[in-house]
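Structure at a glance
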Amino acid sequence: MGVTKDGAKLYALTNYPPNSEDDGMEGWTSFTYAIEDAKGYREVKAYTSFCNGGKLLSQPVKGTKDT
C-alpha cells in the first residue's frame, strides 16, 4: 500500500473486506491494514467515512460519506 514518512511499510489486507455493520460505528466503514516497522509486524483495525460503494477511496474528498 505504501510507506510512511518514518519508513514503516503499510499493507492492505484484502482477506478482511471493509465492513460497515459492526462495532457500533454507524456511518463508518471498518477495515484492517498491517504495518511493519522497527516494532515488528502488526494488524490494525481502523475506521473511515471515506468510501464509495464499499471500497476505500485512495484520494478522499472532505465531506464524503459511506454509500
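Residues numbered from 1 in each chain as written. Predicted model: local features only at pLDDT ≥ 70, side-chain atom pairs only at ≥ 80, totals over all residues. Heavy atoms only, no water.

**As for the overall build of the chain**
What counts here: Numbering of helices and strands starts at the N terminus; helices are DSSP runs of H or I of at least 4 residues and strands are runs of E of at least 2. For each residue, the accessible area found with a 1.4 Å probe, counting protein chains only, is set against the maximum for its type, and the residue is called buried under 20%, exposed over 50%, and partly exposed in between. We call two residues contacting when some pair of their heavy atoms lies within 4.5 Å. Every accessible area reported is derived by Shrake-Rupley at a probe size of 1.4 Å, with residue values counting cover from the shown protein chains alone.
Counting its regular elements, the chain contains zero helices and six strands. Among the 67 residues that make up the chain, the fraction classed as buried is 18%. Counting contacts in the chain only where the partners sit at least 6 residues apart, residues at least 24 apart contribute 22% of the total. Entry remark: accessible area of the chain is about 5100 Å², with carbon and sulfur atoms responsible for 53%.

**Describing the packing of aromatic side chains**
Two numbers describe a pair of aromatic rings. These are the distance of the centres and the angle of the planes. Put simply, the test is: A pair of aromatic rings is counted whenever rings of Phe, Tyr or Trp (Trp by its six-membered ring) have centres within 6.5 Å, and the orientation is called stacked for planes under 30 degrees apart, edge-to-face for over 60 and tilted otherwise.
Scanning the model with the defined rule gives one aromatic pair in all. Between Tyr11 and Tyr41, the ring centres sit 6.3 Å apart and the planes meet at 45 degrees, which makes this aromatic pair tilted. Placement of Tyr11 in strand β2 (residues 9-12) and of Tyr41 in strand β4 (residues 40-48) is noted, with a sequence separation of 30 residues between them. What makes Tyr41 partly exposed here is its relative accessible area of 47%.

**Section: the pattern of salt bridges**
Filter applied, for reference: The working definition used for a salt bridge is a side-chain nitrogen of Lys or Arg within 4 Å of a carboxyl oxygen of Asp or Glu.
One pass over the structure, following the stated rule, counts one salt bridge. One salt bridge in this structure joins Arg42 and Asp37, with 3.0 Å as the shortest N-O distance. On the accessibility criterion, Arg42 (30% relative accessible area) is partly exposed.

**A closer look at the pairing of strand β3 (residues 29-37)**
Within a regular strand, side chains alternate between the sheet's two faces. The condition is simple: Strand pairing requires that DSSP identify at least two bridges connecting the strands.
Where β2 lies against β3, four bridges are found, and the strand directions are antiparallel. The residue of β3 that forms the bridge with Lys9 is Glu36. Sheet topology places β3 next to β4; nine bridges connect them, and they run antiparallel. Across the sheet, residue Glu36 finds its bridge partner in β4, namely Tyr41. Taking the residues between adjacent antiparallel strands as the criterion, β3 and β4 are bridged by two residues.

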